[in-house]
Amino acid sequence: MSKANTNINIFKKSIESTIKAISKKSDVNILFGSENKSSYQNVNLPEVNKNKLNKSKLSIRGRSDAASLVNRYHDKKIHQKMSPENLETKIIFDEIEFLRCELLGSVKYPGIKKNLLDFDKEYINEKITENIKLSKPETFKLFLKDNILGLNLYNQLSEVSDPIINSLNKTLKNKNIQILDKITNQKEFSIEVLKLINDVIDENAQNEKDNNEKNDDNNESQGNLDQETKEQTEE
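Here goes a summary of the coordinates provided. (Residues numbered from 1 in each chain as written. Predicted model: local features only at pLDDT ≥ 70, side-chain atom pairs only at ≥ 80, totals over all residues. Heavy atoms only, no water.)

Quick word on the overall build of the protein chain
When helices and strands are tallied, the protein chain shows 9 helices and 2 strands. Counting from the amino terminus, helix and strand elements in the protein chain follow one another as α-β-β-α-α-α-α-α-α-α-α. Looking at the protein chain as a whole, 40% of its 235 residues are labelled buried. For the protein chain, the share of sequence-separated contacts (at least 6 apart) that also reach a separation of at least 24 residues comes to 66%. Summed over its atoms, the accessible surface of the protein chain is roughly 13900 Å², and 46% of this surface lies on carbon and sulfur atoms. (Helix = DSSP H or I, 4+ residues; strand = E, 2+ residues; numbered from the N terminus. Buried < 20%, exposed > 50% of the residue type's maximum accessible area, 1.4 Å probe, protein only. Contact = heavy atoms within 4.5 Å. Areas by Shrake-Rupley, 256 points an atom, 1.4 Å probe, with all protein chains shown as cover.)

Now the structure itself:
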């Protein structure tokens, strides 16, 4: 076995040990080379890319730490009970619950906080480079993480975020929404988060309505102006 492959295997063993230690689950399965989402039994991670070794390791550390924290702190029964029926709201709700688990780990373990931050920065930069927008759930999660932990990611986020970031930013400024002090209580956290999601979606819907009405008014004004110009030309 080459030295490179030996080092990769040592890295994988280290990741496996770390996942089991953080999650406090010795029976969790760690699968490399899988693009599936991690579950309660399995932590699925991408294969180590030998051609982009440092970047690959950074990504795997971030993904493995995030999955480990969800395995440790997430209560599936509470989540199912609190989960909303609306699909769009549910997907956002899921992401923010995963954020809650990451916040618990970030507060307790500085090393995990750094790994997650490095991963988030790299993910955002990839989106900027590829000119791909974040989804609404991703925008919610990353904006809230930046807002709660003071990570100074807003400028980068604003380049690739979903437009809902404007409503999210406005809602957080105008309403007294307490999230960080509830991260240790999943049920209370979920209640607060659902309020936030609904407020932001309502705000965003109102903004879209106002913008559409403004565009209609502008189109009507432009149409009237074009008609006047045409009549004057004909005279």
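Focus: the pattern of salt bridges
All told, the structure shown has 11 salt bridges when counted by the stated rule. As a salt-bridge pair, K55 and E122 come within 3.6 Å of each other at their nearest N and O atoms. On the criterion of sequence distance, the pair formed by K55 in helix 2 (residues 53-73) and E122 in helix 5 (residues 110-130) is long-range, its members being 67 residues apart. Across the pair E97 and R100 runs a salt bridge, and its minimum N-O distance is 2.9 Å. With E97 and R100 both in helix 4 (residues 87-108), this residue pair falls 3 residues apart, about one helical turn. Across the pair, exposure class does not vary: E97 and R100 are buried alike. Shared partners join several salt bridges into a network, and the residues in it are E102, D120, K141 and K145. (Salt bridge = Lys/Arg side-chain N within 4 Å of Asp/Glu carboxyl O.)

Concerning helix 5
The terminal C-alpha atoms of helix 5, which comprises 21 residues, lie 30 Å apart, in line with the 30 Å expected from a rise of 1.5 Å per residue. Along helix 5, the residues classified as buried are I112, L116, L117, F119, D120, I124 and K127. Buried residues of helix 5, seen end-on, are gathered within an arc of 165° and therefore sit on one face of the element. Looking at helix 5, the residues exposed on the side facing more than 90 degrees away from the buried face are P110, K114 and T129. (Expected span 1.5 Å × (residues − 1). Arc of directions from axis to C-beta.)

Comments concerning the packing of aromatic side chains
Tallied over the full model, the rule gives 2 aromatic pairs. Considering the side-chain rings of F119 and Y123, the 6.2 Å spacing of their centres and the 25° angle between planes classify their relative orientation as stacked. With F119 and Y123 both in helix 5, this residue pair falls 4 residues apart, about one helical turn. Owing to a relative accessible area of 17%, F119 belongs among the buried residues under this scheme. (Phe/Tyr/Trp six-rings, centres within 6.5 Å; stacked < 30°, edge-to-face > 60°.)

Looking at the environment of S23
Relative to the elements of secondary structure, S23 occurs in helix 1 (residues 3-23). Its relative accessible area of 3% is what places S23 among the buried residues. Between the alpha carbons of S23 and R72 there is a distance of 4.4 Å; along the sequence they are 49 residues apart. Contacts of S23, omitting those with residues within four sequence positions, involve V28, S68, N71 and R72. At 2.7 Å, the side chain of S23 and the backbone oxygen of I19 are in polar contact. At a separation of 3.3 Å, a polar atom in the side chain of S23 contacts the main-chain amide nitrogen of K25. (Polar contact = N/O pair within 3.5 Å; in protein donor to acceptor, adjacent residues only side chain to side chain.)

A look at empty space enclosed by the protein
Under the defined criterion, the tally for this structure stands at 1 cavity of 30 Å³ or more. In this structure, the largest cavity is lined by S106, K113, L116, L117, D120, K145, L149 and L151. Mapped onto the lining of the largest cavity, the elements with two or more residues apiece are helix 5 and helix 6 (136-149). If you tally residues by element for the lining of the largest cavity, the top one is helix 5, at 4 residues. For the lining of the largest cavity, a count of residues per class yields 4 nonpolar, 1 polar and 3 charged. (1 Å grid on protein atoms, 1.4 Å probe; cavity = no way out; pocket = protein on both sides within 12 Å on 5 of 7 lines; lining within 4 Å. Points joined across faces, edges and corners; volume = space filled by probe spheres on them. Nonpolar A, V, L, I, M, F, W, Y, C, P; charged D, E, K, R; others polar.)

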